[in-house]
Every structure is written in structure tokens, then in C-alpha cells.
Amino acid sequence: ARARKTKRVEFYLCLQPLLSRTTKSASWRTTTARRAFATMLTKFESKSNRVKGLSFHPIRPWILTSLHNGVIQLWDYRMGVLLERFDEHDGPVRGVDFHKIQPLIVSGGDDYKIKVWDYKLRRCLFTLLGHLDYIRTVQFHNEYPWIVSASDDQTIRIWNWQSRTCLSVLTGHNHYVMCAAFHPKDDLIVSASLDQTVRVWDTANLRKKNVRGAPSFDTAADTVVSRVNADLFGAADAVVKYVLEGHDRGVNWASFHPTLPLVISGADDRQVKLWRMNGKSQPPPPPPPPLPVELCL
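## Re the sheet that holds strand β3 (residues 51-56)
At step 1: Judged by pairing direction, the sheet is antiparallel, and its four strands sit side by side in the order β3-β4-β5-β6 without closing on themselves. This sheet does not close on itself; its edge strands, each paired only once, are β3 and β6 (81-86). Geometrically, the sheet is characterised by an average inter-axis angle of 20° between neighbouring strands, direction not taken into account.
At step 2: Taken together, the five bridges between strand β5 (residues 72-76) and β6 define a ladder with antiparallel strand orientation. For Asp 76, the partnering residue across the bridge sits in β6 and is Val 81.

## Here's the deal with the confidence of the model for the protein chain
At step 1: Of the residues in the protein chain, 70% reach a pLDDT of 70 or more, and the chain-wide mean stands at 81.
At step 2: Of the regions scoring below 50 in pLDDT, residues 291-297 engages in 10 contacts with residues more than four places distant in sequence or in other chains.

## What about the nonpolar core?
At step 1: Counting 17 residues, the largest nonpolar core has Trp 146, Ile 156, Ile 158, Leu 170 and Ile 189 as its most contacted members.
At step 2: At the level of elements, β12 (146-151), β13 (155-160), β14 (165-171), β15 (177-182) and β18 (239-245) are the ones that each hand at least two residues to this core.
At step 3: In contact with Ile 189, other than residues within four places in its own chain, are Val 148, Ile 158, Leu 170, Ala 180, Ala 181, Phe 182, Arg 199, Val 200, Trp 201, Thr 203 and Phe 256.
At step 4: Counting 16 residues, the second-largest nonpolar core is a separate cluster that includes Tyr 242, Leu 244, Ala 267 and Trp 275.

## Details of unusual backbone geometry
At step 1: In the Ramachandran plot, Gln 154 falls in the positive-phi region, its phi being about 70° despite a non-glycine side chain.
At step 2: Phi at Arg 270 is positive, roughly 65°, even though this residue is not glycine.
At step 3: Within the fold, Arg 270 resides in the loop between β20 (262-267) and β21 (272-276).
At step 4: Judged by its relative accessible area of 46%, Arg 270 is partly exposed.

## Side note on the packing of aromatic side chains
At step 1: Tallied over the entire structure, the rule returns eight aromatic pairs.
At step 2: Between Phe 86 and Trp 117, the aromatic rings sit 5.3 Å apart at their centres with planes inclined by 50°, giving tilted as the arrangement. Of this pair, Phe 86 sits in strand β6 while Trp 117 is found in strand β9 (residues 113-118), placing the two residues 31 residues apart along the sequence. Taken individually, Phe 86 and Trp 117 each receive the classification buried, so the pair is uniform in this respect.
At step 3: Ring centres of Phe 98 and Tyr 119 lie 6.1 Å apart, and the angle between their planes is 80°; this geometry places the pair in the edge-to-face category. Remark: Tyr 119 occurs in the loop between β9 and β10 (123-129) and Phe 98 occurs in strand β7 (residues 93-98); sequence separation between them is 21 residues. The same class applies to Phe 98 as to Tyr 119, namely buried.
At step 4: Taken together through their ring pairs, the aromatic side chains of Trp 62, Phe 98 and Tyr 119 make up a single cluster.

Definitions and cut-offs
- Residues numbered from 1 in each chain as written.
- Predicted model: local features only at pLDDT ≥ 70, side-chain atom pairs only at ≥ 80, totals over all residues.
- Heavy atoms only, no water.
- Pairing = 2+ DSSP bridges.
- Helix = DSSP H or I, 4+ residues; strand = E, 2+ residues; numbered from the N terminus.
- Axes fitted to C-alpha atoms, helices over the stretch in contact; angles between N-to-C directions.
- pLDDT = per-residue confidence, 0-100.
- Contact = heavy atoms within 4.5 Å.
- Core = buried A, V, L, I, M, F, W, Y, C linked by side-chain atoms within 4.5 Å.
- Buried < 20%, exposed > 50% of the residue type's maximum accessible area, 1.4 Å probe, protein only.
- Phe/Tyr/Trp six-rings, centres within 6.5 Å; stacked < 30°, edge-to-face > 60°.

What follows is the structure, encoded as C-alpha cells:
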């Protein structure tokens with residue numbers, strides 16, 4: 001077998017936005033962007049074929065890089081030095097994220113594994129298994145002990161990293177799911193797929209079911225009946241709220257606006273689209289309700 005050729009990859013940290021593309025079809029090109037120029041602050045060099053994922057630490061001057069050779073690197077961008085490297089994935093690591101408060105890192109790779117690391121202890125704490133194909137992105141929730149992951153197995157999974165269990169599997173996309181992300185405040189998840197759609201998922205029921213102290217307006221009888229129905233027919237912990245259609249090719253990325261009801265998406269059709277979540281987009285029809293179950297006391 002031929003030995004794989006190793007290339008040198010350089011990381012650049014810039015102060016201003018990069019120059020826009022020169023193609024006329026790129027919808028984000030503006031006249032002011034032509035005059036913009038980038039000022040390089042720091043350059044990082046590493047031996048790998050490709051850089052697959054990046055993440056800023058919310059407080060410290062750190063950057064996480066996930067590489068095609070299966071290594072995760074922790075850099076200090078002020079000092080320009082490599083602080084630590086984590087190497088337990090079998091194959092490329094595509095997604096990586098810092099926890100907002102805890103000294104934790106989550107990563108997902110082509111080995112179908114999600115790993116949670118403690119960067120103070122400098123080791124992997126545990127591995128989450130369940131996906132059946134490459135994992136594209138992983139992200140911590142800002143408040144709950146949750147992780148969301150997107151995979152080429154056409155599903156999105158929500159995990160509890162404290163109990164180390166899978167809380168819910170979101171199905172509906174019919175091609176690779178390229179990314180999934182929590183809303184910064186609301187009980188929502190946005191996902192982008194090569195099926196040319198962006199989906200917004202409502203996770204309010206999942207929060208009520210799994211988070212202590214979550215408000216519930218059901219009566220005692222309704223709660224008992226709903227639990228029996230859930231045991232027999234399955235519970236809709238996360239449902240599709242919007243299906244955003246308009247891209248002509250696969251969608252590679254989607255993200256929520258931090259404060260406004262907006263979603264931005266980018267696709268292989270060389271377009272960036274801005275969507276408003278105002279209820280005008282028609283969600284898919286809801287599934288039929290489960291058969292009623294009568295309790296015999």
C-alpha cells in the first residue's frame with residue numbers, strides 16, 4: 001500500500017473579514033467588501049491533510065482545531081503556541097466544541113464516535129455511541145447538559161453528557177445532515193442537509209421531559225395517559241417546526257441569529273440565504289395522533 005503523503009496546513013487568525021469572492025454569482029459580494037483587507041495576527045502550522053473543525057474558547061485565548069489525521073489541537077492564539085493535543089479518534093475529526101463553563105471538549109469524527117474530553121485532566125472521559133455514519137458537527141447546549149450531533153446517517157441526536165445517554169433521535173432528512181446547532185436561548189435546533197432543506201426543530205417537550213423544574217400545564221390524568229401513549233407509540237420529544245426550502249443544491253451550513261428570529265444558510269448552489277422565522281413558512285403536516293388508551297382502575 002502506498003504511504004499517504006502528509007501536507008503542511010497553516011492556520012491564520014485575521015483581524016478583519018477576508019476579501020469576498022470575485023464571482024458574480026456569489027450573493028454576499030458587496031462593493032465595500034472589495035476594499036476590505038485582512039490583517040494576519042497569528043499563523044499556526046501543523047502537519048495534516050485538512051482542517052475540519054474550529055472552535056473558540058468563550059473566555060480564554062484558545063482555539064480548538066480538529067484535523068483530518070484524527071488529532072485535536074488546543075492552541076493559545078495570543079502566545080501562538082500549541083498547548084495540548086488529543087489523539088484517540090480513528091480517522092478524521094470533523095466537529096469540535098468547547099463547553100461554556102466546564103473544562104470540557106466534545107468531538108465527533110468519521111469513526112462514528114462522539115468523545116467528551118477534560119482538557120484539565122488531558123484525557124477522554126467517555127465515548128458516546130449510536131451514530132451509524134460520519135459525524136459532521138457536535139455542539140454543547142448553553143444551559144442544559146446536552147450535546148447535539150449531526151451525522152451522515154441522516155439523523156440528529158441529542159445526548160445528555162451527564163448521564164451519558166441519548167435523549168432523542170431526530171429523523172426527517174433524507175440525505176447527509178451537514179450541521180446541527182442549538183438556538184442560543186429558545187428550545188430550537190437548526191439543521192442543514194444535502195437534501196437541499198433547512199429544518200428548525202422544536203425541543204420544548206424534550207426539555208419538559210428531561211430538565212428538572214421545567215413548567216408543565218398538564219393535569220394528572222393527562223400526564224398518566226400521555227405517559228402510557230408514549231410507552232406504546234413513542235413520544236414526540238422534538239418535532240419539526242419549519243422546513244425551509246429554496247436552495248437548489250445541498251445545504252452545507254445553517255445558523256441562528258443570536259437575538260433576532262433569523263436563520264442563515266449556505267449551500268452548494270453558491271447562495272447564502274437569510275430566512276425569517278415568522279410563521280409564514282409552512283411546516284410539514286403533523287403525524288396522526290396515537291390511538292387513545294383508556295386506563296382501567
